[in-house]
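These are the residues of each chain, in order.
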Amino acid sequence: MDRNRQCNNPTPANGGASCNGSFTETMNCTQPSCLAASSHRFASYSKSDVVINTCDPSTFLETIFVSRKMDCAQACTENISCKRYFYCKLDSSCRLYQDGKDCAMSGDTTGCSCYIKNIGCENSGCTCPLGYYGDRCQDTITDCTEGFQKGLNSTNDVLTNIKPVTSPNSFEVLCTFVDGGWTGILNRNKYCSSENFNRTLAEYEEGFGNVASNKWLGLQNVLYLLDNPNSTYTLGVHLYKSNASMCISNYYNFTIGNKSTSYKLDIGGYTDVEIPCGDSLTGFINLNNNPFSTYDADDTGDLECPKRFGGGWWYGSHFGCTSGFLTGTMDGSGIDNYWNENMSDVSLTQIYLKLLRN
């Protein structure tokens, strides 16, 4: 174990004894004694968060039982598909996952810890988190469409890192790697831990919630996604009922304005699919060209739609405010989400808004 001090002051006197700064510790290890090394590969890990949630859509690989945390790390290292592990000391369980950053559980988290695999490279190649690519994992896909184009595929939605062209940072989204590759911007699930969607405009700009269950990606991140040269986007609305049946509505040439326009909604048109939900965005109450409103930034005037409905949305200039509302409650405590066209009088259990780059 090496213990070094990072000096904050100029060159210290007394050979460094007078240095002001904090100590850092690093572990130098060689196979097979290293925490996460095997005869085949090496990886390092960073501690992530354990979150209380009843849902985890990340791709589960396997559960094993080990005597030590380091054995869990080694098991993840030896499994090339493993990108995260979740170890609980009380029952010695070690759960391996293919994607995701945080670990979700619904019970007591005492003695449990979550670790994500860092980008690690050796002579045989690199271990890249989902969404990163290149010889040294130096590149990141711009959206789920690019991931699909690069050969990423899964029958389930997967947690993936993306970095849109103009975004300063990468962030995690729920990707659908079928039918061209769709990027999730809103995820709702009635059966997961609930999330309050009656938020300020600043919160809707930044994004909030758990990407694994109930998540608003953020208006700024959506703008980053849309800022891709020579591209147009399709918005997909995927709605599920309690019997697990679902429908889809697609809107082509979807975009939103910037902050100066209050993120005005701009939709080219509506397209029917095989099992359509109907048009509740540009139909009876047309939301096209309307600004995004929240209770603290209300552009609906005397209608006071955000106050009445309890969520941020592109409300219309009509007493009814909107024919479709997807940022409400899901438990009857307020105005629940609804879609008045083909899903009227139906309780929505899962909601997804997704973007496809064309």
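Asks: What's the story with helix α4 (residues 219–226) in this structure? I'm lost.
Replies: For α4, a buried count of seven out of eight residues is recorded, marking the element as mostly surrounded by other parts of the structure. Within the span of α4, buried status applies to Leu219, Asn221, Val222, Leu223, Tyr224, Leu225 and Leu226.

Asks: Sorry if this is basic, but what is going on with the state of the cysteines here?
Replies: Scanning the entire structure with this criterion turns up eight disulfides. A sulfur-sulfur separation of 2.0 Å characterises the disulfide bridge that pairs cysteine 72 with cysteine 94. Judged by the sign of its S-S torsion, about 85°, the cystine formed by cysteine 72 and cysteine 94 is right-handed. With cysteine 72 in helix α1 (residues 69–78) and cysteine 94 in strand β7 (residues 93–97), the pair connects residues that are 22 residues apart, well separated along the chain. You can call cysteine 72 buried: its relative accessible area is 0%.

Asks: Before we go on, may I ask you to explain the side chain of threonine 176 in this structure?
Replies: If you trace the backbone, threonine 176 turns up in strand β15 (residues 171–176). Residue classification places threonine 176 among the buried residues on the basis of a relative accessible area of 10%. Within the structure, threonine 176 has its side chain in polar contact with the side chain of lysine 354 (distance 2.9 Å). Not counting residues up to four positions away in its chain, the partners in contact with threonine 176 are Asp157, Gly181, Trp182 and Lys354.

Asks: It is not clear to me how the pairing of strand β20 (residues 246–252) should be interpreted in this structure. Could you clarify?
Replies: On any regular strand, side chains alternate: one points to one face of the sheet, the next to the other face. Pairing of strand β19 (residues 233–241) with β20 involves six bridges; the strand directions are antiparallel. Paired with leucine 235 across the bridge in β20 is tyrosine 251. Here β19 folds back onto β20 in antiparallel fashion, the turn holding four residues, of which alanine 244 has a positive phi close to 75°. Of the strand pairs in this sheet, β20 and strand β23 (residues 269–271) are connected by three bridges, and their pairing is antiparallel. Within the sheet, the bridge partner assigned to tyrosine 251 lies in β23 and is tyrosine 270.

Asks: Help me out: how do you make sense of a negative patch on the surface in this one?
Replies: On the surface, a cluster of negative charge is made up of Asp298, Asp299, Asp302 and Glu304. By secondary structure assignment, the location of aspartate 299 is in the loop between β23 and α5 (305–309). On the basis of relative accessible area, aspartate 299 is assigned to the partly exposed category, the value being 45%.

Asks: Teacher, can you tell me more about the environment of serine 194 here?
Replies: Examined against the element boundaries, serine 194 turns out to sit in the loop between β16 (182–189) and α3 (201–206). Spatially, the C-alpha atoms of serine 194 and methionine 330 are 8.1 Å apart, while their sequence positions differ by 136 residues.

Asks: I'm lost on the sheet that holds β7 in this one. Help?
Replies: Strand-to-strand pairing in sheets goes through backbone hydrogen bonds, with the strands running parallel or antiparallel. The five strands are arranged β3-β9-β6-β7-β5 in an open sheet whose pairing can be described as antiparallel. Where the open sheet ends on each side, the last strands, each with one partner, are β3 (45–48) and β5 (60–65). Across this sheet, the average inter-strand angle for adjacent strands is 25°, counted without regard to direction. Inspection of the sheet shows strand β6 (residues 84–88) paired to β7 by five bridges, in the antiparallel sense. Considered in β7, the bridge of phenylalanine 86 is made with arginine 95. The sheet strands contacting α1 are β3, β5, β6, β7 and β9 (112–117), and the helix crosses β6 at an angle near 155°.

Asks: Would you mind showing me how to read the nonpolar core here?
Replies: The nonpolar side chains of a soluble globular protein tend to be buried, and buried together. Ranked by internal contacts, the top residues of the largest apolar core, which has 54 residues, are Trp216, Leu219, Leu239, Ile256, Leu326, Trp339 and Leu355. The element contributing the most residues to this core is α4, with five residues. Among all residues touching isoleucine 256, those that are not within four sequence positions of it are Leu219, Val222, Leu223, Leu226, Tyr263, Lys264, Leu265 and Trp314. By size, the runner-up hydrophobic cluster in this structure holds 13 residues, among which are Ala73, Ala75, Cys76 and Cys82.

Thresholds, definitions, all that
Residues numbered from 1 in each chain as written. Predicted model: local features only at pLDDT ≥ 70, side-chain atom pairs only at ≥ 80, totals over all residues. Heavy atoms only, no water. Buried < 20%, exposed > 50% of the residue type's maximum accessible area, 1.4 Å probe, protein only. Helix = DSSP H or I, 4+ residues; strand = E, 2+ residues; numbered from the N terminus. Disulfide = S-S within 2.5 Å. Polar contact = N/O pair within 3.5 Å; in protein donor to acceptor, adjacent residues only side chain to side chain. Contact = heavy atoms within 4.5 Å. Pairing = 2+ DSSP bridges. Patch = residues over 30% accessible without salt bridge, like charges linked within 9 Å, V, L, I, M, F, W, Y side chains within 5 Å. Areas by Shrake-Rupley, 256 points an atom, 1.4 Å probe, with all protein chains shown as cover. Salt bridge = Lys/Arg side-chain N within 4 Å of Asp/Glu carboxyl O. Lys, Arg positive; Asp, Glu negative; His and termini not counted. Charge placed at Lys NZ, Arg CZ, Asp CG, Glu CD. Axes fitted to C-alpha atoms, helices over the stretch in contact; angles between N-to-C directions. Core = buried A, V, L, I, M, F, W, Y, C linked by side-chain atoms within 4.5 Å.

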